[in-house]
Amino acid sequence: MPTDSLRIAGAARGKAVTITVDGRAVEAFAGESVATALWADGIRRLRSSPGGGPRGMFCGMGICQECVVEVDGATVPSCQARVAEGLVVRLRQG
Ligand code: FES
């Protein structure tokens, strides 16, 4: 069961599912954003800038592109991608 510690208490959620993040199983809830699932798992650094600096979720609404990751082979803002069972996420480091 995914942790609720960083999620809003009492909110209605989808069913518990497992996604893969850089080869590691991460528990999440179907329908929440990938950014939320990563955040709740303690993952803050989602990609690196061209200079190597850390980048992570900033606006949370698809504008800044700071949260871009690879989801099932497509490059997308993680705050705009929805969790589903078996999703494969790759963080963009370097
Ligand atoms: S946090 Fe800004 S686009 Fe995702």
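Before reading further, recall that the structure is shown in the block above.
Residues numbered from 1 in each chain as written. Predicted model: local features only at pLDDT ≥ 70, side-chain atom pairs only at ≥ 80, totals over all residues. Heavy atoms only, no water.

Visitor: Quick question: what am I supposed to make of the sheet that holds strand E7 (residues 88-90) here?
Guide: The strands that make up a sheet pair up through hydrogen bonds in the backbone, lying either parallel or antiparallel. Read across the sheet, five strands follow the order E2-E1-E7-E5-E6 without closing on themselves; strand pairing throughout is mixed. Only two strands of the sheet have a single neighbouring strand rather than two, namely strand E2 (24-29) and strand E6 (74-77). Within this sheet the neighbouring strands show an average axis-to-axis angle of 40°, counted without direction. Of the pairings in the sheet, the one linking strand E5 (residues 68-71) to E7 comprises two bridges and is antiparallel in character. In the strand pairing of E7, valine 71 is matched with valine 89. (Pairing = 2+ DSSP bridges. Helix = DSSP H or I, 4+ residues; strand = E, 2+ residues; numbered from the N terminus. Axes fitted to C-alpha atoms, helices over the stretch in contact; angles between N-to-C directions.)

Visitor: When you look at the side chain of serine 48 in this model, what are you seeing that I'm missing?
Guide: In this structure, serine 48 sits in strand E3 (residues 47-48). Take serine 48: its relative accessible area is 9%, and that puts it in the buried class. Polar contacts involving the side chain of serine 48 include one to the side chain of arginine 45, which spans 3.1 Å. (Buried < 20%, exposed > 50% of the residue type's maximum accessible area, 1.4 Å probe, protein only. Polar contact = N/O pair within 3.5 Å; in protein donor to acceptor, adjacent residues only side chain to side chain.)

Visitor: Can you walk me through the side chain of serine 78 in this structure?
Guide: Among the secondary structure elements, serine 78 is positioned in the loop between E6 and E7. With near-sequence residues (within four places) excluded, serine 78 lies in contact with Ser33, Val34, Ala35, Leu38, Leu46, Cys67, Val68 and Val69. (Contact = heavy atoms within 4.5 Å.)

Visitor: Would you mind going over the pattern of salt bridges with me for this structure?
Guide: Here the idea is simple: oppositely charged side chains can pair when their charged atoms come close. Applying the stated criterion across every chain yields a total of five salt bridges. Residue arginine 24 pairs with aspartate 41 through a salt bridge whose shortest N-O separation is 2.4 Å. Of the two residues, arginine 24 is situated in strand E2 and aspartate 41 in the loop between helix H1 (34-40) and E3; the sequence distance between them amounts to 17 residues. Relative accessible area serves as the criterion here: at 40%, arginine 24 is assigned to the partly exposed category. Look at aspartate 41 and you get partly exposed, because its relative accessible area is 30%. (Salt bridge = Lys/Arg side-chain N within 4 Å of Asp/Glu carboxyl O.)

Visitor: Before we go on, may I ask you to explain the environment of serine 33 in this structure?
Guide: On the secondary structure map, serine 33 appears in the loop between E2 and H1. Serine 33 gets classed as buried once you look at its relative accessible area, which sits at 9%. Apart from the residues lying within four places of it in its own chain, the contact partners of serine 33 are Ser78, Cys79, Ala81, Arg82 and Val83.

Visitor: Looking at this model, I keep getting lost on the layout of surface pockets. Mind explaining?
Guide: The gaps of empty space that remain are located by a probe, the size of a water molecule, rolled over the atoms. Taken as a whole, the largest pocket spans an internal volume of roughly 190 Å³. Along the wall of the largest pocket there are 14 residues; nearest its centre are Arg7, Ile8, Arg13, Glu32 and Thr36. Of the residues assigned to the lining of the largest pocket, the class counts are eight nonpolar, three polar and three charged. (1 Å grid on protein atoms, 1.4 Å probe; cavity = no way out; pocket = protein on both sides within 12 Å on 5 of 7 lines; lining within 4 Å. Points joined across faces, edges and corners; volume = space filled by probe spheres on them. Nonpolar A, V, L, I, M, F, W, Y, C, P; charged D, E, K, R; others polar.)

All quantities given are derived from atomic positions and should not be read as evidence of function.
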